[in-house]
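# A structural walkthrough
Listed here are the chains, written in short residue letters.
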Amino acid sequence: AAERAGARREPVDPRAAGLMLAEAADAPFRAEGWLFELKYDGYRLLAHKEGDRATLRYRNGGDATALFPEVATAVALLPVDSALVDGEVVVLDAAGRPDFQALQGRAQLRRAADVGGASIARPATFFAFDLLAAGGLDLRPLPLVVRKAALGAIVPRLGPVRFADHVEVEGEALYREVQARGLEGVVAKRADAPYRPGRSDAWRKVRTEKTADLAVVGFTAPAGGRTGFGALHLAARGPAGLVYAGRVGSGFDEATLASLHARLSARLRETPPCDGPAPRGRGHRWVEPELVAEVRFKTFTAEGLLRHPVFVRLRDDKRPEEADAAPGEAALAEGDGAPPPVQEPEPAPRRVEISNRTKVYFPRDGLTKGDLVDYYRAIAPAMLPFLRDRPVVLTRFPDGIDGKSFFQKDAPRWRPAWLRTVTVHSDDSDRDLDLPLLDDAEGLAWVANLGAIPLHVLASRAVAMERPDWLVVDLDPKEAPFAHVVRLARAVHDLCDELGLPSFPKTSGQRGLHVLVPTGGHLTHDQARTLAELLCRAVEARHGDVATTARAIGDRGGRVYLDAFQNGRGKTIAAPYCVRPRDGAPVSTPLRWSEVDGALDPARFTIRTAPARAAALGDDPLLPVLTARPDLLGALGRLHDLLGRPAASAGGR
């Protein structure tokens, strides 16, 4: 059908295809024979699929495949042998609106690990709005309405790659809705137009606000109490180079004033790098045009200068030669440039500078913040397998264990750019939290430098938040003797062996023990908690003289509490090898079952002894909890049978 409509059977080279670009329109319109799409606040991409491989390229030809792996994977899975798709990549915020700042952050990542983490924490979405080629056919000569119908047949409406829908005729109505929602604008496209590279009035863009991306060519001296600079001098793209377009002095915060002034001061030159009515005299400094700024403005004056401009942001994704055109020379270029091409993410050096290393955190033990940081750096090889891709919750003690403490509900906004986070909904506070992901020793050092002594970790990973990797039976003695804790830990172990379930112990870092049972990601949080409750009840039935599942402390009667409620969505446990805020600086330490006996003393495992112990052990006894895949259905059946029998060995209660 496509061939009959005029498609040519010949390959389209994605490197030479070129992009069709829109001209600017002053006002929205309603017209028969036109399609109207959203204007996305992102980067223009050409996505090429060939067999089971996909390549993403910016409009300037740079390869973006490595930066947006979730998009590339989805393109590779499109149900066609080959395709060349035009669209725009964005990062959506919680309300579903494009967040250009978040997209910039994605585009600036260099390390493969950071890119992988960001694809989970801040996933990109590629809105596909045109199909240039498919199945060996060049579709560009076909009318847009035919190309979009073919595109809609292969691209889904949800997921990392989505069909960019449109409305017909009613451009003014769509514009009003876009304006009400605070979106960027509308692109009008003639339904019968073929796809031709370059700018065309068959595509017209109408912004909800007038904005321009202009080259920064200088700045003025600050006045009054202002710091940094007074205003930026800007220039537009002219027929023979840059043309002066005016200055912008509003829209800057103090941090931007300082950082921009530092960047510009390293680029000074004697004369303006642009033609036109650039001001002269004292107080005007000129710079090499290397930065691009986006500004909002009312209009251009007859002299081609901005009226009432406001600084919006730097466009680090654009080069000065991609600045918008001067008025009268051409329609303003699209604000959909590309970041500098990155062929492969590269490692970025990171090193945390520790403040106030000598501050005492454990006064009875003479241990300082520096000792805590050094411990976490030293224990990192053993600890990180239990932290990678797993959100953590911080409890901060900025003045040591005798001072006030508080939960760090969100990773601070001033965190380093390389620190990954994942958004987790908190049922307790009914809001989303950005929890940190600790990938390396410097990540551990950074949180320790904040005064985070204990680290509490979720049972699920960022890629599968609803599927925990383990359940935990928490043996909480309160006033019960530790010998009873040991006895019950052995009882949990025996029960798990009877059920065919592996189990792994660790100290809590306080007076209790944790027994972890791997679930292999096969259970929901609720199912894991239910299984933990059944295990606790079965042990209580056999050892009621020393064990209880009563949650109220007054009902425990001096017995060890078998706690299953550390399982569930958003629940955490002390991470293996984390330090606890108690005298002696005890550490939550993985154990071999052979060590869980009458001689066990959790106080032996401390900040001073844990690194040497972990190194001497070699194979970590807790590590299999991350990979084991037990027969949970079989175990549940056997547990059901056990709970249905009379308790043959129940104790005194």
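Described in the following lines is the structure provided in the data block. Since the model is a prediction, treat every value here as computed from it, not as a measurement.

Okay, the pattern of salt bridges next. Scanning the model with the defined rule gives 38 salt bridges in all. Between E442 and R377 there is a salt bridge, with its nearest N and O atoms 2.9 Å apart. Taken together, the residues E442 in helix α9 (residues 441-449) and R377 in helix α8 (residues 369-383) connect sequence positions 65 residues apart. For E442, a relative accessible area of 8% gives the class buried. Relative accessible area serves as the criterion here: at 17%, R377 is assigned to the buried category. Close ionic contact of D545 with R487 constitutes a salt bridge, the shortest N to O distance being 3.1 Å.

The next thing to look at is the side chain of R313. Positionally, R313 belongs in strand β20 (residues 310-314). By relative accessible area, which is 16% here, R313 ends up buried. A distance of 3.2 Å separates a polar atom in the side chain of R313 from a polar atom in the side chain of D41. A polar atom in the side chain of R313 sits 2.4 Å from the side chain of E294. With residues up to four places along the chain from it excluded, the contact list for R313 reads D41, F100, V292, A293 and E294.

Once that is clear, we can look at the sheet that holds strand β2 (residues 34-39). On the basis of which strands lie adjacent, the open sheet formed by five strands has the order β1-β11-β10-β2-β9 and mixed pairing. One side of each edge strand has no neighbouring strand; the edge strands of this open sheet are β1 (20-24) and β9 (167-168). Pairing of strand β10 (residues 185-190) with strand β11 (residues 198-207) involves five bridges; the strand directions are antiparallel. Of the residues in β11, the one forming a bridge with A188 is R204.

With that out of the way, let us pick up the nonpolar core. Looking at soluble globular proteins, one finds that nonpolar side chains tend to be buried together. Y376, M383 and L455 are the most contacted members of the largest nonpolar core, which has 52 residues in total. Every element with two or more residues in this core is listed here: β21 (360-362), α8, β23 (392-396), α9, β27 (452-458), β28 (470-476), β33 (572-574) and α12 (610-617). Ranked by residues supplied to this core, first place goes to α8 with eight residues. The residues contacting L455, other than those within four sequence positions of it, are Y376, M383, V393, L394, L438, L444, V447, I573, A574, A575 and C578.

A few words on the packing of helix α10 (residues 482-499) against helix α13 (residues 632-644). In contact at an axis separation of 9 Å, α10 and α13 are set at 115° when each is read in the N-to-C sense. Seen from α10, the contacting residues are L495, E498 and L499; seen from α13, they are A635, R638, L639 and L642.

Glancing now at the environment of I453. Secondary-structure assignment places I453 in strand β27. Classification of I453 as buried rests on a relative accessible area of 0%. Between the C-alpha atom of I453 and that of G598, which follows or precedes it by 145 residues, the distance is 29 Å. Contact partners of I453, with chain neighbours within four places excluded, come to Y361, F362, L372, Y376, T395, F397, I401, V579, R580 and P581.

Sheet topology places β1 next to β11; five bridges connect them, and they run parallel. Residue pairing across strands places A22 opposite S200, the latter belonging to β11.

Another point: the packing of aromatic side chains. For any two aromatic rings, the description comes down to two numbers: the centre-to-centre distance and the angle of the planes. Under the counting rule described, the total for this entry stands at 11 aromatic pairs. Note on F129 and W203: the rings are 6.3 Å apart at their centroids and 85° apart in plane angle, and the pair reads as edge-to-face. Taken as a pair, F129 in strand β6 (residues 124-134) and W203 in strand β11 lie far apart in primary sequence, 74 residues in all. Assessed through its relative accessible area of 6%, F129 is described here as buried.

Most of strand β30 (residues 513-518) sits inside the fold, with six of its six residues counted as buried. Residues L513, V515 and V517 of β30 are buried on one face, and the alternating residues H514, L516 and P518, pointing to the opposite face, are buried as well. Sheet analysis places β28 next to β30, joined by six bridges and oriented antiparallel. Of the residues in β30, the one forming a bridge with L475 is L513. Note that strand β29 (residues 504-507) and β30 share four bridges and pair antiparallel. Looking at β30, one finds that F504 is bridged to L516. Joining the antiparallel neighbours β29 and β30 is a turn of five residues, in which G509 adopts a positive phi near 90°.

What follows covers unusual backbone geometry. A positive phi angle, near 75°, is found at V169, a position not held by glycine. Looking at the secondary structure, you find V169 in the loop between β9 and α6 (171-180). We classify V169 as buried; its relative accessible area is 12%. The phi angle at A585 is positive, at roughly 50°, despite the residue not being glycine. On the secondary structure map, A585 appears in the loop between β33 and α12.

In space, the four strands of this open sheet follow the order β24-β23-β27-β33, with antiparallel pairing throughout. What marks the edges here is a single partner per strand, and that holds for β24 (406-408) and β33. In this sheet, adjacent strand axes meet at a mean angle of 35° when their direction is disregarded. Alignment of β23 against β24, held across three bridges, turns out to be antiparallel. In the sheet register, R396 faces β24, and the bridge partner there is F406.

Calculation notes
Residues numbered from 1 in each chain as written. Predicted model: local features only at pLDDT ≥ 70, side-chain atom pairs only at ≥ 80, totals over all residues. Heavy atoms only, no water. Salt bridge = Lys/Arg side-chain N within 4 Å of Asp/Glu carboxyl O. Helix = DSSP H or I, 4+ residues; strand = E, 2+ residues; numbered from the N terminus. Buried < 20%, exposed > 50% of the residue type's maximum accessible area, 1.4 Å probe, protein only. Polar contact = N/O pair within 3.5 Å; in protein donor to acceptor, adjacent residues only side chain to side chain. Contact = heavy atoms within 4.5 Å. Pairing = 2+ DSSP bridges. Core = buried A, V, L, I, M, F, W, Y, C linked by side-chain atoms within 4.5 Å. Axes fitted to C-alpha atoms, helices over the stretch in contact; angles between N-to-C directions. Phe/Tyr/Trp six-rings, centres within 6.5 Å; stacked < 30°, edge-to-face > 60°.

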